[in-house]
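# Geometric and topological summary
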Amino acid sequence: MLVAEDEGRAVPKIIDFGIAKALPGSMDQPAGGATAVLTNHGIIGTPAYMSPEALNGDDLDTRTDVYSLGVMLYELLAGVRPHKLDDLPLAAVIRTVGENDTPLPRTIFRTLDDETRRRIADARGADERELTNALGGDLGWIARKATARDREERYGAAADLASDLERHLRDQPVIAAPPSLRVRTRKFVRRHRAAVIAAALVMLAIGGGIAGTIVGMVRAQRARAEAEAVSGFLTNLLESASPWHRKNETTVRQLLEEASDRISHELTSQPTARAELLETIASSEFHLGHLDRAEKLDREALRLRIQLDGKNSPRVAGLLNDLGLVRKHQDHLDDAERMLRDSLVIRENAFGHEHATVARGLFDLASILDLSGKKDDAEAAYREALALRETLIAGGDKTIDASTLAMTLNGTGSFLSRRGKLAEAESLIRRSMAIRRRIGDLGYAYAESLINLGNVVAKENRLAEAEALDREGLASLKTFVEPDDHRIVEAAEQLERVLRAQGK
């Protein structure tokens, strides 16, 4: 309350209606709604609008008020508050607000059910797509800055928040912006160390990894603008991929679609950054089974690479290889074979025959020849790929690792099994599994090897052993792909055949 002068008289003015009702504080009673409570620190306030420092009983300043204004801005923009606190006891509220950064309004909006999103959008006179786009722009970052968990990252005062909103209305650059990659990465790793390690392994497997993208960009361009473009993109990627935000695979699909759209619109003047990121996203789309989107992104990246590096560059060869695999899975085998052969010619001209990229091209070409019915040519390509990789590893080539050799052994063994060469097939697949156990890689590839080995021993009429392998492989596979994925269906059918053969 303040006292103002009105016609020479002192008149009290109420400036804060936030404390509507104070209740005896309890760390177990629900406190996450819009009711004021008395915390164990002696602070009265409405938890849903209180900053981390206010909930913890720390010293308060103007930035604490900015946080509360930011929460209201979230409600005005997205129809929800930045944290889901309803029905949570006070202890859980303090922990949630104190340990988690506020997600962007767009991120929260997308997690709502369809009916709620429509209702919120209708109330704002916009359709869902328009509102989603608006929440991902300057307004979203303004709200995010106002509610930063670390008060040092917030606006210094309410006037600064108002000024940034005015800049947005005048189409001027705003102060609020994505935090630096260094800040985001440090915070993310601190909160989700185990998840980051797992995510790093996945990203390395599907596209060379985020770190590889950054390093490759800096080395290729040596330009600050290019590196900043990649960093800005990856900042949003890391944030949206946080385990706290992610709900299911659909969220990943939306993330990838949004990322590719952003690249097309925001990196038109930075073709190298655009090609680099398109290639990485295409790889992710491919491994998620989104073949049409992967093809579109790979073709755009290929067009850019030809313009940047020439049609006979190793980078073009790599994209031809990736695009050929996409076309293989789309059942365009002639197109896929042509692309893989073109890629191999470029690589052998650039590096010679004994090179890691040549081995990869031969291995991928072999799978296409197999599907095309060219079995003898396929077997020759598989054996040459395996021989090359074993030679390179024995010679100390650092571009070939144990996991790659294990994949080649498994793929070659699986092919030989289909040709009836069961003893050699079993030997190769068991070597593959032994390598993966030695390096601690018991993920999707190991599950695939279990199923392949089960198929081999079933053909040798060792049905009980085959059943055990199939059950273990199927259980493991279910932790890596969706329940209706064709790989789950095929593995289940293989187990069914073994059970029927045993009279079960």
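Residues numbered from 1 in each chain as written. Predicted model: local features only at pLDDT ≥ 70, side-chain atom pairs only at ≥ 80, totals over all residues. Heavy atoms only, no water.

What follows deals with the confidence of the model for the protein chain. When pLDDT is averaged along the protein chain, the result is 80; 76% of the residues meet or exceed 70. Of all helices and strands in the protein chain, the one with the weakest mean pLDDT is helix α11 (residues 209-221) (47), whereas helix α17 (residues 333-351) scores best (96). Confidence drops under pLDDT 50 across residues 20-28; counting only partners more than four residues distant or on other chains, this segment forms 21 contacts. (pLDDT = per-residue confidence, 0-100. Helix = DSSP H or I, 4+ residues; strand = E, 2+ residues; numbered from the N terminus. Contact = heavy atoms within 4.5 Å.)

Here we come to the pattern of salt bridges. Applying the stated criterion to the full structure yields 46 salt bridges. Salt-bridge contacts for Arg 315 lead to Glu 279; the nearest nitrogen and oxygen are separated by 3.5 Å. Here the residue Arg 315 occupies a position in helix α16 (residues 314-329), and Glu 279 occupies one in helix α14 (residues 271-287), the gap between them amounting to 36 residues. Exposure remark for Arg 315: the relative accessible area of 32% places this residue in the partly exposed category. Using a relative accessible area of 16% as the deciding quantity, one classes Glu 279 as buried. Note that Glu 379 is salt-bridged to Lys 421, the shortest N-O span being 2.7 Å. Note that Glu 379 is positioned in helix α19 (residues 375-394) and Lys 421 in the loop between α20 (402-418) and α21 (422-439), a separation of 42 residues in sequence. (Salt bridge = Lys/Arg side-chain N within 4 Å of Asp/Glu carboxyl O. Buried < 20%, exposed > 50% of the residue type's maximum accessible area, 1.4 Å probe, protein only.)

What tends to happen in soluble globular proteins is that the nonpolar side chains get buried as a cluster. By size, the foremost hydrophobic cluster in this structure holds 36 residues, and its most contacted members are Leu 362, Leu 409, Met 433 and Leu 453. Taken together, the elements giving at least two residues each to this core come down to α17, α18 (356-371), α19, α20, α21, α22 (444-459) and α23 (463-477). When residues in this core are grouped by element, the largest group, 8 residues, is from α18. Those residues within four positions of Met 433 in sequence are excluded, and the remaining contacts are Tyr 446, Ser 449, Leu 450 and Leu 453. Judged by nonpolar contacts, the second largest core, of 23 residues, contains Leu 73, Tyr 74, Val 80 and Ala 146. (Core = buried A, V, L, I, M, F, W, Y, C linked by side-chain atoms within 4.5 Å.)

Time to look at the side chain of Asn 452. Structurally, Asn 452 can be placed in helix α22. Excluding its chain neighbours within four sequence positions, the residues that come into contact with Asn 452 are Asn 410, Ser 414 and Ile 429.

Time to look at unusual backbone geometry. Non-glycine residue Asp 331 carries a positive phi angle of around 70 degrees. As for its placement among the helices and strands, Asp 331 is situated in the loop between α16 and α17. Residue Asp 331 is classed as exposed on the basis of its relative accessible area, which comes to 65%. In this structure, Asn 461 takes a positive phi of about 65 degrees despite not being glycine.

To continue, consider helix α15 (residues 291-309). The end-to-end C-alpha distance of α15 is 26 Å, a good match for the 27 Å that 19 residues give at a rise of 1.5 Å each. Considered for burial, the residues of α15 that qualify are Ala 294, Glu 295, Leu 297, Asp 298, Ala 301, Leu 302, Leu 304 and Arg 305. Within two residues after α15, Gly 310 carries a phi angle of roughly 95 degrees, on the positive side. (Expected span 1.5 Å × (residues − 1).)

Turning our attention to α14. Under the 1.5 Å per step criterion, the end-to-end length of α14 is 24 Å for 17 residues, consistent within 8% with the ideal 24 Å. Most of α14 is tucked away, with 15 of its 17 residues classed as buried. Backbone geometry just downstream of α14 places Gly 289 in the positive-phi region, at approximately 85 degrees.

The next subject is the packing of aromatic side chains. Scanning the model with the defined rule gives 2 aromatic pairs in all. Plain terms: the ring middles of Phe 363 and Tyr 382 are 5.6 Å apart, the flat faces sit at 80 degrees to each other, and that makes the pair edge-to-face. Of the two residues, Phe 363 sits in helix α18 while Tyr 382 sits in helix α19, which places them 19 residues apart along the sequence. Judged by relative accessible area, which is 5%, Tyr 382 ranks as buried. Ring geometry for Tyr 382 versus Phe 415: centroids 5.0 Å apart, planes at 35 degrees, classification tilted. Taken together, the positions of Tyr 382 in helix α19 and Phe 415 in helix α20 put the pair 33 residues apart, joining distant regions of the chain. Residue Phe 415 is classed as buried on the basis of its relative accessible area, which comes to 1%. Clustering of aromatic rings is evident, with ring pairs tying together Phe 363, Tyr 382 and Phe 415. One residue, Lys 145, lies across the ring of Tyr 155, its end atom 5.4 Å from the ring centre. When the ring centre of Phe 363 is taken as reference, the NZ or CZ atom of Arg 389 above it lies at 5.6 Å. (Phe/Tyr/Trp six-rings, centres within 6.5 Å; stacked < 30°, edge-to-face > 60°. Lys NZ or Arg CZ within 6 Å of the ring centre and 35° of its normal.)

Right, let's get into the environment of Leu 85. Here Leu 85 shows up in the loop between α2 (62-78) and α3 (90-99). Accessibility expressed as a relative area gives 4% for Leu 85, which makes it buried. Each C-alpha atom of the pair Leu 85 and Thr 96 lies 8.0 Å from the other, and the pair is 11 residues apart in sequence.

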